[in-house]
Every structure is written in structure tokens, then in C-alpha cells.
Amino acid sequence: MSYELAVKFLRPPAGITPTRVELAARCYRRHCLSDLVHLKPLGDGKDPNLAFGDMAHQSTAVFWRECTDAEGWELGGSGRAMAYGKVMQFIGDTWPKVWEDVVAKTNQEYMTIELLGMLMEEYTKNARVGGDFPGHWRIVETEQRRKAELAGLIPLQVFYQIDRLIQNEEGDYGIFDTKTASSLSPMWRRTQEQSIQQRIYKALEEQRLGKEIRYSAIEGVAKKQAAGMIEYVWLNMNWDKDFVNEALLQAKSQASKDDRLLLQAHMDYSGDDPRLLWMAALNRILTDPTTVEFNTQDCQSFFKGCEYESLCFSNPSEREGIALGDFQLLVKDYRNV
Amino acid sequence: MSSERIQPGKSAIALGPSGSGKSHLIASALEMEGSGVLCLAQGNDELESYRRFYKDADFLITSEDAARLVKVDEKGKNPRLVSEKPFLIATFDDPDFFPSLDLWKATGLTSALSFLRLIVAATKERAAQGLAPQWNVLGLDTFSGIGDLANNSMCSELKVSVPPKARGDGGAQYYIGYKNKLNEVARACRAIRGYGTHWLASSHVQLKEAPETFSGQDVVAKEQQMAMFTGAFREMVPGFFDLVLYTGIDSQGKHYAQYQPDKFRSSKSRYKMEENALDAKGRIENDWPTINKAIK
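For clarity, every value in this text was computed on a predicted model and none was experimentally measured. Just so you know, the residues in each chain are numbered from 1, in the order the chain's sequence is written. Written order decides the labels, with chains lettered from A and ligands numbered from 1. With the structure being a predicted model, the display of local features is reserved for residues of pLDDT at least 70 and the display and counting of side-chain atom pairs for 80 or more, all residues being used for whole-chain, interface and lining totals. As a rule here, side-chain values come from all non-hydrogen atoms in the structure, and water together with hydrogens is ignored.

## Structural notes on the overall build of chain B
Here is step 1: The helix and strand tally for chain B stands at seven helices and 17 strands.
Here is step 2: Only C-alpha atoms enter the radius of gyration, while the globule expectation follows 2.2 Å times N to the 0.38, with N the number of residues. Taking 19 Å as the expected radius of gyration for a compact globule of 296 residues, we find that chain B reaches 20 Å, a close match to that expectation.
Here is step 3: With the C-alpha coordinates aligned to their principal axes, the bounding extent of chain B is approximately 65 × 55 × 45 Å.
Here is step 4: Only protein chains enter the accessibility calculation, which uses a 1.4 Å probe; a residue is then buried when its area is under 20% of its type maximum, exposed when over 50%, and partly exposed in between. Per-residue burial over chain B gives 49% buried out of 296 residues.
Here is step 5: Any two residues whose heavy atoms approach within 4.5 Å at even a single point are treated as in contact. Counting contacts in chain B only where the partners sit at least 6 residues apart, residues at least 24 apart contribute 68% of the total.
Here is step 6: For accessible areas, the Shrake-Rupley method is used with a probe of radius 1.4 Å. Any residue's cover is judged against the shown protein chains and nothing else. Split by element, the accessible area of chain B, about 14600 Å² in all, is 49% carbon and sulfur.
Here is step 7: One finds the centroid of the 37 positive side-chain charges in chain B at a distance of 5 Å from the centroid of its 36 negative side-chain charges. In this description a helix means any DSSP run of H or I spanning at least four residues, a strand means any run of E spanning at least two, and both kinds are numbered starting from the N terminus. The charge count includes Lys and Arg as positive and Asp and Glu as negative, but it does not include His or the ends of the chains. In plain terms, the charge of a residue is placed at NZ if it is Lys, CZ if Arg, CG if Asp and CD if Glu.

## A short note on the sheet that holds strand β4 (residues 173-181) of chain A
All names here are of chain A.
Here is step 1: Being paired, for any two strands, means DSSP has found at least two bridges between them. Ordered by their spatial adjacency, five strands build an open sheet running β2-β3-β4-β5-β6, and the pairing between neighbours is mixed. Whereas interior strands pair on both sides, the edge strands pair on one side only; in this sheet they are β2 (137-150) and β6 (230-234). Neighbour-to-neighbour, the strand axes of the sheet open up by a mean angle of 35°, direction not taken into account.
Here is step 2: Relative to strand β5 (residues 213-222), β4 is paired through nine bridges, and the arrangement is parallel. Bridging from a neighbouring strand, Gly 174 pairs with Tyr 215 of β5.
Here is step 3: Lines fitted to the C-alpha atoms define the axes, with helices restricted to the stretch that makes contact. Angles between their N-to-C directions range from 0 to 180 degrees. Helix-sheet contacts for helix α4 (residues 48-66) involve β2, β3 (156-168) and β4, and the interaxial angle to β2 is about 130°.

## A few points about the confidence of the model for chain B
Here is step 1: For chain B, per-residue confidence averages 89 on the pLDDT scale, and residues scoring 70 or more make up 94% of the total.
Here is step 2: As a predicted assembly, this complex carries a pTM of 0.79 together with an ipTM value of 0.77. The predictor's confidence in any single residue is recorded as pLDDT, a number from 0 to 100.

## A word on unusual backbone geometry
All names here are of chain B.
Here is step 1: Look at the link from Ala 41 to Gln 42: it is a cis peptide, with omega at -5°.
Here is step 2: Mapped onto the secondary structure, Gln 42 falls in the loop between β3 (36-41) and β4 (57-60).
Here is step 3: The backbone of Asn 78 shows a phi angle near 50°, a positive value even though the residue is not glycine.
Here is step 4: Relative to the elements of secondary structure, Asn 78 occurs in the loop between β5 (70-71) and β6 (80-81).
Here is step 5: Residue Lys 159 is not a glycine yet carries a positive backbone phi of 55°.

## Describing the pattern of salt bridges
Here is step 1: Salt bridges are defined as contacts in which a side-chain nitrogen from Lys or Arg sits within 4 Å of a carboxyl oxygen from Asp or Glu. Following the criterion strictly, the structure yields 35 salt bridges over all chains and no others.
Here is step 2: Notably, a salt bridge pairs A:Lys179 with A:Asp177, separated by 3.3 Å at the nearest N-O pair.
Here is step 3: Beyond isolated ion pairs, a larger network of salt bridges with shared partners links A:Asp326, B:Arg190, B:Arg193, B:Asp242 and B:Arg270.

## Some details on the nonpolar core
As a rule of thumb, nonpolar side chains are buried together in soluble globular proteins.
Here is step 1: The criterion is simple. A nonpolar core is a set of buried Ala, Val, Leu, Ile, Met, Phe, Trp, Tyr and Cys residues joined through side-chain atoms within 4.5 Å. In terms of nonpolar packing, the biggest core is built from 85 residues, with A:Leu39, B:Phe115, B:Phe143 and B:Ile146 touching the most fellow members.
Here is step 2: For this core, the element with the highest residue contribution is helix α3 (residues 108-128) of chain B, accounting for ten residues.
Here is step 3: Sequence-distant contacts of B:Phe143, defined by excluding residues within four places in its chain, comprise B:Ile13, B:Leu182, B:Val185, B:Ala186, B:Ala201, B:Ser202, B:Phe229, B:Phe233 and B:Phe241.
Here is step 4: If you look at the next biggest cluster of nonpolar residues, it comprises 34 residues, including A:Leu119, A:Met120, A:Ala127 and A:Trp137.

## Points about a nonpolar patch on the surface
Residue and element names in this part refer to chain B.
Here is step 1: In this scheme, patches are assembled from residues that exceed 30% relative accessible area and form no salt bridge. Like charges are connected within 9 Å, while nonpolar side chains (Val, Leu, Ile, Met, Phe, Trp, Tyr) are connected within 5 Å. Taken together, the side chains of Phe 98, Leu 101 and Leu 103 present a nonpolar region at the surface, about 300 Å² in accessible area.
Here is step 2: Note on placement: Leu 101 falls in the loop between β8 (97-98) and β9 (103-104).
Here is step 3: Judged by relative accessible area, which is 59%, Leu 101 ranks as exposed.

## So, the packing of helix α2 (residues 18-26) of chain A against helix α9 (residues 241-268) of chain A
How two helices sit against one another is set out by the angle between their axes and by the gap between those axes.
Residues and elements named next belong to chain A.
Here is step 1: At their nearest, the axes of α2 and α9 sit 10 Å apart, and the two run at 75° to each other. For the element pair α2 / α9, the angle class is roughly perpendicular. Contact residues: α2 offers Arg 20, Val 21, Ala 24 and Ala 25, while α9 offers Gln 250, Ala 251 and Gln 254.
Here is step 2: Gly is placed with the polar residues, together with every amino acid not listed as nonpolar (Ala, Val, Leu, Ile, Met, Phe, Trp, Tyr, Cys and Pro) or charged (Asp, Glu, Lys and Arg). Along the lines of polarity and charge, the residues of the contact of α2 with α9 split into four nonpolar, two polar and one charged. Orientation categories follow fixed angle ranges, with anything under 35 degrees roughly parallel, anything over 145 roughly antiparallel, 65 to 115 roughly perpendicular, and all other angles oblique.

This is the structure in C-alpha cells:
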């Protein structure tokens, strides 16, 4: 198999996303295991945190769609109340299907349909199209998936999704990223202010719209302490062009590291069996820190144990076998995607 | 988009007293699957159960066997197993561990672990070439016997004839060391299983008394029959396997494996059981072809 074919085989079509860049910066091995070779714990369903976050995002998208007119301006009168009804209907219809595949973990049992309902009740009362940005805002689009290309020696495709793109009466754009968090602590706020992910969103949207994004913010929604409380974290305060570009360089650096891994896997196995190429990549990820480094300080980040801990804590020579036995392995072939 | 699921082997442990059919399950798996490697402890205790495989087996029991089957490179490093026969049988013991006679040599566990690591390396090497495992079954008979070797090893290190009290001198060292050594054994077996070899183990059982700390409260603790290991490791044993069964022989002399027999013996299955696979008492014939067909 040629290197070009091998890269096509292993590299997912949505290879680079801001979320993945963020994860790769925290622990590169974790990124490679989850985003490149897609190791999933055996018998484990969808993560309740992710499932709850997805549902909350979809519910907010339903809300903004229902409470705005064709041009995105918020409807007056009983518009919000009607939209709230639609959101509740959406949750009632969708929750059982989504939650079917979720493994309830003992410390996450608080994530229930009742909590989501309560959270959305608060959200639909208090959220504003433009958050606490000054002026009058309309919705341009919500939850739109986009693909962008970053120029460079090797052009890089980045896939991303903005939760809410808004515009004010002067024509300025703003972007919102909604995040559910256990509590909106000062530490959470500080982390958001430096987010690589948000800087990449801003840069990519500026490139696409050909205009500076002067307003961007995180819309934090608390799901444990003071559930439903909203906090807006403004992001542009100290973000100059170099600060934003730095995040793009981080994305490029991650992409080139991913490519180096793919090349290494191809050098380890250059035959025609896709399964063996995939195993060569897995073996590199698990046993070669010069190609794929790891960060033990991230194992418990966000108070949630990394699902790959059992691999990292075993002898390197046994990791591949344990991974093959204890994880669901789907050897995907992206060549024809 | 095409995709191919890489299939690991199945894993199961049979729990029960001597003569209840634990080795019978492993032997039936060797028979059905046509090849296998056996890691037996202590010593030759369990060897007799596998007599019918002798003619097609290589044995790794004596140092002469090791010299014949384990080859090293010209620098005397990188040992690898060279066995052409369908079955490979290795036994492990501590023949020179007699604390009463001041004889403390206990190398059975490290030998067993080295042997398992050789199997990991051989299996991994074949997998990298896209070849199926050389051995379809890994039998660990008994895992609790390997536990006895871990006990010998720790007692030898601490120069004590019986395990120290958990909260006494050397207690932490003994129990943590014992657990870590057996974890190493379990990890090697899990790695082998990952490449497609079924991992079947057996263990003797013992009664674990109900902890007094629970008595008098709403929760009533019960005594439990558990795998015969000491300390925290015995609680960990079921976690290594996807299927935990109790073995027995009924009044007609028929071997059975029991799933969820009663509240004193907890079993488990991460597999989906085929409908009607179990009889009214929750029993299934103790025979790998039957059990293998029933679990998915």
C-alpha cells in the first residue's frame, strides 16, 4: 500500500477539529487513541456527559429556531413561551432514543430528563440572542457544520461547528459557544478565557466572512450547582491577532504530528492489509513516546478518569493485546469517503 | 465505508472446589479449539486432567525442557518460544520453598510470568504479520495455584512463613506486593486474549466471612464464596473475566456450570446468554462447545 493510500485509509475525513486540537494539546496519546484509531471501551455506551451536552445543545438550537423570525430577530409577545413548549416536546421525543445508548455511571446519575427540562426552563427565560453584548442582535445561523482550509505548505482542512452566529444592527458579527458545566466556577471561567478552541473558531469565521469578529463569548449553563444559571464569558478582551494565530499554529502542529504518526505506521507496515496498518498505528501510539507523547497530569482532568488509563498503566509490551481485548475496535476505511 | 471488527478471544473463570470439573471445562475447550497453551500450578497437581493431550504436546517443566523450547539470540538475549506441537503444557512450582527448613527459594511465580510474557511476545509477533494466534486457548489451571506461588514469593521476600497481619509489620508490603504480582499475571493473560486466544481459568474457592462492620445496620452482610486468593486481589478477580461460573457435578455424575447459583456465590456474564441456554436451576452443561455457543 502506498503512503498516500495509507494516509487516506487512516486519516478520518473530519481529522482536524478545534475540539481535537484542544484534546491533543492536553494529552496527545489520548487524542490519537480516541480520534485517530477510535478505541472505545468494550460494552461502554455513550458518555452521559457528552449525551447530556448534545441534548442541551440541540434543545437550545430548537429554542432559537422557534423564537426567532425568518431574519433571525426575536419574536415578541408569547414567542418565548411557544418556543419553550417546542423545546419540551423535543426533549420528550428525543431523550429516550438518545439515552438508550448511555451507560449511567454512579456519580453522574443526576443527569436526568427532569434536570434537562429544568435547565431549559431557566435557559428559555433568561438567555438572550446577543447574551450581554451591547446592542440589538439577530441570529444568522445555529449549529452549522463548516469546513475551512488553512493555507500553508500543505493546506489543512479543519471542520468546525459554531453554536450561534449572530449579527447586530451595525452589521458586526458575534459568535457564541454554549457549554454545560457542573458549576460555573472561577477556574472554569479562566480556562474558557484561554481556550484554543474558541480562538480557532474566531479565526476561521473571520476568514470565511472576510470581517473581524469583534464579539465572541462562551455561554456557560450550569447543570449541577444552581442548575440553569447562565454566565457569559467574553473572550475578545485580550485577544490580538498573534494570540489567535497561535491557536491556528497549534492546529497545524497537531496535524503534522498526526501525519508523522501515519508515516511511522506506514514504515512499520507497508503491506496491503488495512487491519495490519491500523495495528501498526495502534502499536506506535501505545509504545512510542517519541512519536506520541503522553501526559499523566491529564488522566483525571475535568474530574473524569481517562478511559485509556488501564492501557497507560500496563507494561508497554502488553498494551496492544489489552487494547485489542478490552476495547471495541472498528477498523475504519476512509479511502472512499 | 468498509470496516472490520478485530475479534479478541473470550474470557471465563470456573470457580469450585476440587473435583467439581474446573479442569474439565478447560480440557473441553482444548479439544474443541484444537490447540492451546496450559499454565498449570502448583506443580503437577492439575497435569493429570490433560493426559489425553500429552501425545500432541510439548512440555515445559524441567530446565532441560526450557533449554529445548526457549531459544535466545547470539547475545543470549530476546528469548522466544519454539514449539511446533498443537499443545504446550507448562507447570510451575516452588520445590525449594520450605520455610520450616530455612529454605526460601521461591521462583515459581516469576517463571510463570516469564512464560506468559513469552506467549505474549509470540502471539504479538504473529498478529503483526496478520497470522491467527498459534494457540487458540490459554488455560490457567488453577489461577489460585498461581496465587499460592505469589504468596510464596512474598513470604520469601519478607522471610516469613505465613502472611503478616495487614496492619502489622510488613503487612502493607506483603498485600500490595501479592496483588501487584498477580496483576502482572492477569495483564499478560489479558494481552494474550486480545489477539484472539480464549482465556479460560479456574480457581478454588473459600468462604469469605461477612464483615462485622455492617452488622446491626440496615444492610445485612452475608458470607460469600469467593476465588481463593488473599487480600484485596480476590475482589478483583471477577473483573478480569467476562464470564464467571461455578462448577459442580449432579447426582447423575454430570458436570454442570452454574450461572448465579445463590446469593452466597456471585457469578456474572458480560455476554448475552442465548435464550433457554440455562435450565431451571440456572445450570448449563460444563463443556466448552455448549458454553461457547450460549455466550455471544
